[in-house]
Amino acid sequence: PCSLLHLRACLAGAVVSLVLATSAQAAVINFDGLSAGTPVTTIDIVHFGSNTGFPLVVADVYATTSGQNYLGVGAPGDQAFLPGDAISLAFDQPVFFLSLTVVSSTGTPTGAFVLDCGAAGIVVSIVPPLPPTLSDGGEVFTLAISSATPFSSAILRGDFDAGVFS
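The following paragraphs examine the structure supplied in this document. Nothing here was measured: the structure is a model prediction, and the numbers come from that model.

Digging into the pairing of strand 10 (residues 139-158)
Every regular strand shows the same layout, with side chains that alternate between the two sheet faces. For strand 7 (residues 86-104) and strand 10, the ladder comprises 14 bridges, and the chain directions are antiparallel. Bridging from a neighbouring strand, Ser 99 pairs with Ala 144 of strand 10.

Here you go:
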């Protein structure tokens, strides 16, 4: 269970939806085909990184929007990202569209998560009026960007209001 003192967010099961710039091809990246604890560096055309100093891993501690796995940090404890951490995504091919699902505990304020796609734009999380709630109390947020300018990388940042996230 989460409290306001232990905020968390996870990149949920269907973590990355994207549309390739070179074709009308779409891809959905998820972690459900991998076992918890598996290191994550590349899935399909997406290369994952972070500023945590720990490897990224498949985790299954918290509830997600689909399946039971999500992207976590390979640190001791609950595999959660800390306030100020960032997740980087680099694509083998430029994309026009990117959507990330983030799950956070109740009370995460508007603007706690930022999706930065460089020249294509920046998206800031907005608290939905009635966010979907998961079995462990997590609230679901989606950050998406559609751009006429193709982009090859993105960074998801959780600011210090986001608290601990996984």
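So, unusual backbone geometry
Within the chain, Asp 44 stands out as a residue other than glycine whose phi angle is a positive 55°. Along the polypeptide, Asp 44 turns up in the loop between strand 3 (42-43) and strand 4 (46-50).

Focus: the pattern of salt bridges
Here the structure, examined in full by the defined rule, presents one salt bridge. Its salt-bridge partner being Asp 116, residue Arg 157 comes within 3.5 Å of it at the nearest N-O pair. Residue Arg 157 is found in strand 10, and its partner Asp 116 is found in strand 8 (residues 113-116); the two are separated by 41 residues along the sequence.

What about the nonpolar core?
Among the nonpolar cores identified, the biggest contains 31 residues, and Val 40, Phe 48, Leu 89, Leu 98, Leu 115, Cys 117 and Phe 151 are the most heavily contacted of them. Counting residues per element, the ones that place at least two in this core are strand 4, strand 5 (56-59), strand 6 (70-73), strand 7, strand 8 and strand 10. When residues of this core are assigned to their parent elements, the largest contribution, seven residues, is made by strand 7. Not counting residues up to four positions away in its chain, the partners in contact with Leu 115 are Leu 98, Leu 100, Gly 121, Ile 122, Val 123, Leu 143, Ile 145, Ala 154, Ile 155 and Leu 156.

How each quantity is defined
Residues numbered from 1 in each chain as written. Predicted model: local features only at pLDDT ≥ 70, side-chain atom pairs only at ≥ 80, totals over all residues. Heavy atoms only, no water. Pairing = 2+ DSSP bridges. Helix = DSSP H or I, 4+ residues; strand = E, 2+ residues; numbered from the N terminus. Salt bridge = Lys/Arg side-chain N within 4 Å of Asp/Glu carboxyl O. Core = buried A, V, L, I, M, F, W, Y, C linked by side-chain atoms within 4.5 Å. Buried < 20%, exposed > 50% of the residue type's maximum accessible area, 1.4 Å probe, protein only. Contact = heavy atoms within 4.5 Å.

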